[in-house]
Amino acid sequence: MSDATIASVPLYTNLDRIANELAARGIGPSDPIPPEQLFAIDQWHYHGTDAIRAAADHLLLGPASRVLDVGSGVGGPARYLAHVTGCHVTALELQPNLNALAEDLTRRCGLGERVTHRCGDALTCSLPEAAFDAVVSWLAILHIPSRPRLLRRLARSLRPGAGCYIEDLAQRAPFSDRDLRDLRQIIFGVSVSSIEDYIGDFHAASFTDVEATDMTQDWSAFAAARAAAWRAGHTDYARVHGEAAYAAQEMFYDLIRRLYESGSLAGVRLTARAPLAPIASQWS
Ligand SMILES: C[S@@+](CC[C@H](N)C(=O)[O-])C[C@H]1O[C@@H](n2cnc3c(N)ncnc32)[C@H](O)[C@@H]1O
């Protein structure tokens, strides 16, 4: 029986690393933060702000856009989108401590008018109907146990024809027993499926123009380089953040590298459009 919880995922522990990084740049706990100073440390996905810029361009976001970010973490993507496009982002995050940190960082960046943080479970929280011009999500849906239900809810919260842009983990080949255990318990990857199944869930939720890009090769190389860079920076990182914080992240980054190298883990980018007509199925 697993006692894994999402809060124990190494990425979501040792959150004082953000304050430590800011302090190392001369920014104290209550100081204003130039947004650019945060972008190197608040993006918890592949390729940092380049990935977010690609989404903004694809979705044609601008100051009038209302965007829902599912699984917003400490708010990096939401702040970047608001900062570079002027759009309004509702940043939805499950974990209260991450949400509180995100809120504080957003306020200190002066982006509080354009980013609204909400703490809640994307599967159950109230979502307004036909309210958003776009929904985005980076590396979050793997944690959410019912993807079909989530996608139905997102389809209803988008205005008809609005865009959806998601990056997530997927499965290329069956995981070994050990890898599956690590995926579930350490990464909390509870809904990692084949790319084909992911596409099927979009269609079942009445999305149209569903397109999937297999990111595996790119992300596998990224994960290998990240794990190597992490080890190379051991001494410097441990000096600022402590050995335990270093070790937790090393284990996490090395596990992800190993899962790609095993041939089982995949990465995927999915884009789609919300249905043009109201959905007949029951709202859930
Ligand atoms: C890997 S982090 C990525 C954060 C952010 N998207 C980024 O790229 O920087 C995934 C986030 O999804 C959040 N999450 C997981 N399940 C969720 C749910 N049911 N509702 C809302 N957020 C959720 C986690 O708490 C975590 O902060």
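Residues numbered from 1 in each chain as written. Predicted model: local features only at pLDDT ≥ 70, side-chain atom pairs only at ≥ 80, totals over all residues. Heavy atoms only, no water.

Enquirer: How should the sheet that holds strand 2 (residues 88-93) be read in this particular structure?
Expert: Backbone hydrogen bonds hold the strands of a sheet together, and the pairing may be parallel or antiparallel. The sheet built from seven strands is open, its strands ordered 3-2-1-4-5-7-6 with mixed pairing. The open sheet has two edge strands with one neighbour each: strand 3 (115-119) and strand 6 (208-214). Along the sheet, successive strands turn relative to each other by an average axial angle of 15°, direction set aside. Those strands touched by helix 3 (residues 48-59) are strand 4 (132-138), strand 5 (158-171) and strand 7 (265-273), and its axis lies near 150° from that of strand 5. In the packing of helix 9 (residues 216-232) onto the sheet, the strands contacted are strand 5, strand 6 and strand 7, and the crossing angle to strand 7 comes to about 130°. (Pairing = 2+ DSSP bridges. Helix = DSSP H or I, 4+ residues; strand = E, 2+ residues; numbered from the N terminus. Axes fitted to C-alpha atoms, helices over the stretch in contact; angles between N-to-C directions. Contact = heavy atoms within 4.5 Å.)

Enquirer: Explanation requested: the site of the ligand in the structure shown.
Expert: The environment of the ligand is made up of 24 residues, and the closest members are Trp-44, His-45, Gly-71, Glu-93 and Gln-95. Interatomic distance of 2.8 Å between a side-chain N/O atom of Asp-121 and a nitrogen atom of the ligand. The backbone of Trp-138 places a nitrogen or oxygen atom 2.9 Å from a nitrogen atom of the ligand. Protein contact buries 98% of the 590 Å² of open area that the ligand shows by itself. (Near = heavy atom within 4 Å. Polar contact = N/O pair within 3.5 Å; in protein donor to acceptor, adjacent residues only side chain to side chain. Areas by Shrake-Rupley, 256 points an atom, 1.4 Å probe, with all protein chains shown as cover.)

Enquirer: Could you clarify how one ought to interpret the pairing of strand 1 (residues 66-70) in this entry?
Expert: Regular strands place their side chains on alternate faces of the sheet. Among the five residues in strand 1, four count as buried, and that is most of the element. Two strands pair when backbone bridges link them, and strand 1 and strand 2 are joined in this way by five bridges, in the parallel orientation. Across the sheet, Asp-69 pairs through a bridge with Ala-91, a residue of strand 2. What joins strand 1 to strand 2 is helix 4 (residues 76-85), and the crossover it makes is right-handed. By the bridge criterion, three bridges tie strand 1 to strand 4 in an arrangement that is parallel. Bridging across to strand 4, Asp-69 finds its partner in Val-136. (Buried < 20%, exposed > 50% of the residue type's maximum accessible area, 1.4 Å probe, protein only. Right-handed = clockwise from strand over helix to strand, strands pointing away.)

Enquirer: What am I meant to see in the pairing of strand 3 here?
Expert: For strand 2 and strand 3, the ladder comprises five bridges, and the chain directions are parallel. Bridging from a neighbouring strand, Thr-90 pairs with Thr-116 of strand 3. With helix 5 (residues 96-108) bridging strand 2 and the parallel strand 3, this β-α-β connection has right-handed handedness.

Enquirer: Please clarify how the environment of Phe-202 should be interpreted in this entry.
Expert: Here Phe-202 shows up in helix 8 (residues 195-204). Given a relative accessible area of 0%, Phe-202 falls into the buried group. Not counting residues within four places of it along the chain, the set of residues in contact with Phe-202 comprises Leu-151, Cys-164, Ile-166, Phe-207, Val-210, Leu-270 and Ala-272.

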